[in-house]
Amino acid sequence: MSTPVTMPQLGESVTEGTVTRWLKQVGETVDMDEPLLEVSTDKVDTEIPSPVAGVLHSIEAPDDAIVEVGGLLGTIGTEAADSTSAAPAAPAAPAPPESPRPAPPAMQPPTPAPEPTTPATDETNAVSASTGSGTEVTLPELGESVTEGTVTRWLKQVGDTVAMDEPLLEISTDKVDTEIPAPIGGTLLSIAAGEDDVVEIGAVLAVIGDGSASAPSSTPPVPEPAAPTPAPTAPAPEPPAPALESTPPAPAPAATPPESAPVTTSPVSASTSAPQTPPAMAATPTPAASAPASGDQSKVAAAASYVTPLVRKLAAQGEIDLSTVTGTGVGGRIRRQDVERAIAEKQSTSVAPAAQPNAPTSAPSPDAAGVTPQASAATSTLRGTTAPMTRLRKVIADRMVESLQTSAQLTTVVEADVTAIAKLRDRVKEQFQQREGVKLSFLPFFALAVIEALKVHPNLNASIDSENGQITYHGKEDLGVAVDTERGLLVPVIRDAGELNLAGLARRIADIADRTRTNRVTPDELSGGTFTLTNTGSRGALFDTPIINQPQVAILGTGTVNKRPVVIPGPDGGDVIAVHSMMYLALTYDHRLVDGADAARFLVTVKNRLEEGAFEDEVGL
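Residue numbers restart at each chain and count upward from 1, following the sequence in its written direction. Local features in this predicted model are restricted to residues whose pLDDT is 70 or higher, and side-chain atom pairs enter the listing and the counts only when it is 80 or higher, whereas totals over whole chains, interfaces and linings include all residues. Where side-chain values are given, they derive from all heavy atoms of the structure, hydrogens and water being excluded.

A. Expanded view of the overall build of the chain. What the chain contains, in helices and strands, is 16 helices and 27 strands. Note on classification: 1.4 Å probe, protein chains only; a residue is buried when its accessible area is under 20% of the maximum for its type, exposed when over 50%, partly exposed between these limits. The buried share of the chain, taken over its 621 residues, is 42%. Contacts in the chain between residues at least 24 apart in sequence constitute 65% of all its contacts with a sequence separation of at least 6. Method for areas: the Shrake-Rupley scheme with a 1.4 Å probe, in which residue coverage is limited to the protein chains shown. Summing over all exposed atoms, the chain offers an accessible surface of approximately 31000 Å²; the carbon and sulfur share of this is 54%. Numbering goes from the N terminus for both helices and strands, where a helix is a DSSP run of H or I of at least four residues and a strand is a run of E of at least two. In what follows, residue pairs with any heavy atoms lying within 4.5 Å of each other are defined as contacts.

As C-alpha cells, then:
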C-alpha cells in the first residue's frame with residue numbers, strides 16, 4: 001500500500017512551493033513525522049515531514065521543481081517497510097530474489113565505505129557502459145498537446161558520472177525548452193538519441209547504470225577493455241567526481257567560471273560549475289586540497305544543491321560566482337535576495353571607479369552599465385559569424401509567416417493621454433509594492449483596460465475556423481502577454497484574466513513573465529490565449545505593427561510612455577500647452593472578422609478608460 005506525500009498548505013496566499021532538497025532518497029526507510037524534503041516559497045522555507053512510516057517508493061518532484069499546493073511530491077510504501085528493512089540485513093544473496101522493485105539495490109551504495117577514495121576512470125566507465133544493466137531515461141510528458149521533442153544538446157557523455165536529478169540533456173519543443181534530469185544516480189551507459197534527433201514522448205533517450213551494480217559486473221566478464229581496475233568502482237559520488245575531473249584542465253585560472261555561462265544555457269552552466277568552483281576557493285592548490293578541505297567541500301556541495309534555477313539565472317546574468325555568495329536561507333541556501341545584493345554591490349564598486357576619469361559624461365553610466373556591456377559583448381561575438389537557427393527561432397519564424405498567410409491583417413493606431421495614470425502610479429507604487437509584493441508598472445493598467453474593452457467588444461475576443469466556416473466568441477478572457485526572453489519571444493497566457501483586479505493582474509504578469517524568462521513556464525501555459533497584449537514600449541519603441549497570434553483575431557501593442565508638450569483645453573475655454581504623459585496604442589486585427597470601425601471603437605474604449613484614470617479603488621485608495 002502506497003501513501004502519497006503532497007504539498008501542504010504553507011500560508012494563506014501561498015499557492016506553490018519549490019523543492020530545494022530531498023533529505024531522503026528512493027528506497028530509504030522513514031519514520032512518521034521524519035523530515036522528507038525541504039520546500040521554499042516566497043515567504044517561508046520549511047521541511048515536509050513524512051505522513052506515515054515506511055519506505056520512500058518514488059520521488060515525483062525532483063529538486064528545483066515547482067509544485068502547487070496539493071500536488072504530489074512522492075509516495076511512501078507502508079507494507080514494504082518490513083521487507084525492505086530486512087533486505088539490507090541479509091548480505092548480498094537475497095538481492096536477486098528482490099527483483100520486483102529496483103529500490104533496495106539503490107540503498108546499498110552507502111554500505112561500501114572505502115570505495116569513494118578514487119574517482120572512476122574513462123576505461124572503468126566504458127566497462128560499466130558495456131556490461132552493466134541500467135535504468136532507461138525516457139522523454140516525459142511536456143504538455144497536453146506536445147507529442148515529441150528535439151534533442152538540442154547533451155550535457156553528459158557516455159561514461160560520465162551523474163547524480164540523481166542532475167540535468168542530462170536539453171530538449172526543445174514547439175512551446176518550451178527544458179532540461180531532462182537523471183532519474184537515478186550512476187554512470188551514463190549509453191545515449192539512444194543524438195543531438196537534433198526528434199524523439200516521441202515515452203521514447204528512450206539514454207540508459208544509466210547504478211554504480212553499485214555496474215562495478216561488480218565489470219570485474220568478472222572483462223569484455224572489451226583489458227579489465228582495467230576493479231577497485232575504483234565509483235558508486236556515483238556526486239561532488240568529488242565532477243570536481244576532480246574539472247580541476248586538471250584549469251588549475252591556474254580559478255576565476256574563469258563566469259565565462260562558462262552562454263546566453264541560452266546559463267542555468268545549466270551555473271549548475272555544473274557551482275560544485276567545481278568551491279574547491280578552488282577553499283584552497284588554491286587544488287591537487288593537495290582534497291584531504292584537508294574535504295569537510296569544506298561537503299558543506300559547499302550541500303549549499304550548491306540548494307541553488308534554484310532562478311538563482312543560477314540571476315547569477316549568470318550578473319556574472320556572480322555563487323561560491324563567493326553567502327546564503328541566508330535554510331542550511332546556507334543561496335536565495336534570490338543574496339544574488340541581487342551581490343549584483344548591487346558589484347555594480348556599485350564598478351561604477352565608482354568608472355565615474356572618476358570622466359566626471360561630466362559619467363551620468364548615464366549606471367544605465368549603460370546594466371545594459372550596454374552585455375549588448376556590445378553579444379554583438380562582438382556574433383559579427384562575421386554564421387550560426388544555425390535554434391528550434392525556437394524556427395518555430396517563431398514559421399508561426400509568424402503562417403499568421404500573415406492565414407489572416408488579412410491591418411493595424412490601426414490611436415494616441416492616449418495617460419497622465420492621470422502616471423500621477424496615480426507615482427503616488428501609490430511604493431505602498432503597492434509593499435502590500436502586493438510586486439512593482440506597479442503601466443502594464444497592469446493597460447491589461448485591465450483591454451479586458452474591460454473585450455467584454456464590450458466580443459468580436460475582438462474571438463477565433464475563426466475557416467475550414468468549418470465558424471466563429472467562436474469566447475466566454476472568458478485568457479490574456480496572452482508577450483515576454484522577451486534570451487531564447488526569443490514567448491507568449492504565456494493568464495487564464496481567466498477577466499476575473500482579476502489590478503493587483504491580481506500585476507502579480508500574475510510578474511509571476512508568469514519571471515517563470516518564462518527562467519524557463520520554468522509549463523507548455524500548457526504557452527497556448528490557449530484568446531487575445532494578446534505586447535508591450536513594445538518596454539524597450540523604448542513609440543509603436544509597432546504586431547503580428548496576430550493565431551487563431552486569435554487581434555493583438556494590441558502598447559508603446560512607450562513619453563512626456564511631451566501637447567495642446568489641451570484651458571480653464572477659460574481656450575487652448576493651452578502642457579506637458580503630459582502620452583503613448584500610442586497599435587491594434588492589429590483580422591479583417592476577415594473585424595472591420596476598421598470595430599477596431600476603432602475598441603481602441604477608443606481602451607483610450608477613454610486609460611485617460612479617465614479612475615483606478616483609485618483598484619490600487620487601494
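B. The arrangement of the side chain of Ser463 in detail. With respect to the helices, strands and loops of the structure, Ser463 is situated in strand β18 (residues 462-465). Taking relative accessible area as the criterion, Ser463 reaches 12% and is therefore assigned buried. Contacts described as polar in this section are N or O atom pairs within 3.5 Å, which, within protein, must combine one atom able to donate a hydrogen with one able to accept it, while residues neighboring in sequence count only if both atoms come from side chains. Side chain to side chain, Ser463 and His474 meet in a polar contact 3.3 Å long. Dropping the residues within four chain positions of it, Ser463 is found in contact with Gln470, Ile471, Thr472, His474, Pro551 and Val553.

C. Representation of the pattern of salt bridges within the structure. Every case where a carboxyl oxygen of Asp or Glu lies within 4 Å of a side-chain nitrogen of Lys or Arg is listed as a salt bridge. Per the stated rule, a full pass over the model turns up 21 salt bridges. Ionic pairing is found between Arg609 and Glu452, a salt bridge with its closest N-O pair at 2.6 Å. Highlighted residues: Arg609 in helix α16 (residues 596-612) and Glu452 in helix α14 (residues 443-456), separated in sequence by 157 residues. With its nearest N and O atoms 3.8 Å apart, the salt bridge here joins Asp484 to Arg539. Of the two residues, Asp484 sits in strand β21 (residues 483-484) while Arg539 sits in the loop between β24 (531-534) and β25 (554-558), which places them 55 residues apart along the sequence. One salt-bridge network, held together by shared partners, links Arg435, Glu436 and Arg507.

D. Seen up close, the sheet that holds strand β6 (residues 54-59). Should DSSP find at least two bridges between two strands, the strands are taken to pair. A sheet is described by the order of its strands in space; here 4 strands give the open sequence β1-β8-β6-β3, paired in antiparallel fashion. Each end of this open sheet is capped by a strand with a single partner; those strands are β1 (2-6) and β3 (29-30). Alignment of β3 against β6, held across 2 bridges, turns out to be antiparallel. The residue of β6 that forms the bridge with Thr29 is Val55.

E. Region of interest: the nonpolar core. We call a set of buried residues a nonpolar core when its members are Ala, Val, Leu, Ile, Met, Phe, Trp, Tyr or Cys and they connect through side-chain atoms within 4.5 Å of each other. One finds Phe531, Leu585, Leu587 and Phe602 to be the most contacted residues of the largest nonpolar core, which totals 51 residues. When residues of this core are assigned to their parent elements, the largest contribution, 10 residues, is made by α14.

F. Structural detail: the sheet that holds strand β16 (residues 204-209). The 4 strands lie next to each other as β9-β16-β14-β11, forming an open sheet whose pairing is antiparallel. Sheet topology places β9 (134-138) and β11 (161-162) at the edges, where each strand pairs with a single neighbour. In the sheet, strand β14 (residues 186-191) pairs with β16 via 4 bridges, with the strands oriented antiparallel. For Ile191, the partnering residue across the bridge sits in β16 and is Ala206.

G. Spotlight on unusual backbone geometry. Each neighbour pair has its own omega, and for Gln550 with Pro551 the value is 5 degrees, a cis peptide bond. With respect to the helices, strands and loops of the structure, Pro551 is situated in the loop between β24 and β25. Backbone geometry at Asp33 places phi at a positive 70 degrees, although glycine is not the residue there. Counting through the fold element by element, Asp33 comes out in the loop between β3 and β4 (35-40).

H. Geometry of the pairing of β14. Where β11 lies against β14, 2 bridges are found, and the strand directions are antiparallel. Residue pairing in the sheet places Thr161 in a bridge with Thr187 of β14.

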